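# Structure at a glance
The lines below spell out each chain.
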Amino acid sequence: MSGPLLAPDAALSRALVRTVPDAVTQRLSDFGNVPVAVPVLLLAVLYAARRGNLRGAAAAALAMALVPALVVPLKEWTARPGPLEPWASGYYPSGHTATAYVAYVGAALLVRPYTRGRWPFLIAAALTALTATGLILRGYHWPLDVLASFLMCTPLLLGVKWATGRHSPR
């Protein structure tokens, strides 16, 4: 693999990996696991649907369903090795980051119309950032793997925002 961003990506990764104890970074990266993140979104989908925001609930569920449809083929196509496992492939983009981003921000978009303040987005941003940070510091993903997931999933979340914005809370 080659490209102008790969050398800085590798240098940044080398400077960051294992600078925090593995026990901490493992817990952080676990926020992106499907059994952790998806139930959060599912609860928000059910809540929004119960409050009458069926379009937003459906958009958020569809966005999450599209995550593996986007991530898996790109992982297969690029076959990028991991920072600590150069013999393995399939690290680009980060599925855990994509899952966390869509689940937590999608949930925030669904519950925000029924809350006061920006706290749902602050929590979503914190959980997503902690996931991404844990993945990079633990050495599970290169920084560009994580960035690619954010860029790839932002249009999905813009769709959820659009669908949710068309609903006015009762």
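The following refers to the structure shown. (Residues numbered from 1 in each chain as written. Predicted model: local features only at pLDDT ≥ 70, side-chain atom pairs only at ≥ 80, totals over all residues. Heavy atoms only, no water.)

### Digging into the overall build of the protein
Applied cut-off: What counts as a helix is a DSSP run of H or I of at least four residues, what counts as a strand is a run of E of at least two, and both are numbered from the N terminus. C-alpha atoms define the radius of gyration in this analysis, and the globule rule sets the expected value at 2.2 Å times the number of residues to the power 0.38. Think of it in three bands: residues with accessible area under 20% of the maximum for their type are buried, residues over 50% are exposed, and the middle band is partly exposed, with areas taken using a 1.4 Å probe on protein chains only. In short, Shrake-Rupley with a 1.4 Å probe defines the accessible areas, and a residue's cover is counted only from the protein chains shown. Lys and Arg are tallied as positive, Asp and Glu as negative. Neither His nor the chain termini are counted. For the purpose of locating charges, the reference atoms are NZ of Lys, CZ of Arg, CG of Asp and CD of Glu.
Looking only at helices and strands, the protein features 7 helices and 0 strands. Its helices and strands in sequence order give the protein the pattern α-α-α-α-α-α-α, from N to C terminus. Computed over its C-alpha atoms, the radius of gyration of the protein comes to 17 Å, within 12% of the 15 Å expected for a compact globule of 170 residues. In terms of its C-alpha atoms, the protein occupies a principal-axis envelope of roughly 55 × 30 × 25 Å. Burial status across the protein gives 45% buried among its 170 residues. Total accessible area computed for the protein in this model is approximately 9,000 Å², and 69% of it derives from carbon and sulfur atoms. For the protein, the distance from the average site of its 15 positive side-chain charges to the average site of its 6 negative ones is 21 Å.

### Some points on the side chain of D145
Our working definition: What qualifies as a polar contact is a pair of N or O atoms within 3.5 Å, subject to a donor-acceptor requirement within protein and to the restriction that residues adjacent in sequence count only when both atoms come from side chains. The contact rule is simple, with two residues in contact once any of their heavy atoms fall within 4.5 Å.
Along the chain, the position of D145 falls in helix α7 (residues 143–165). A distance of 3.0 Å separates a polar side-chain atom of D145 from the backbone nitrogen of W142. Here D145 is in contact with R80, Y91, Y92, P93 and S94, once residues within four sequence places are set aside.

### Describing a nonpolar patch on the surface
The condition is simple: Nonpolar side chains (Val, Leu, Ile, Met, Phe, Trp, Tyr) are joined into patches within 5 Å and like charges within 9 Å, using only residues with over 30% relative accessible area and no salt bridge. Salt bridge, as applied in this entry: a Lys or Arg side-chain nitrogen positioned within 4 Å of an Asp or Glu carboxyl oxygen.
Residues L42, L43 and L46 make up a contiguous nonpolar surface patch of about 320 Å² in total accessible area. As for its placement among the helices and strands, L43 is situated in helix α3 (residues 34–50).

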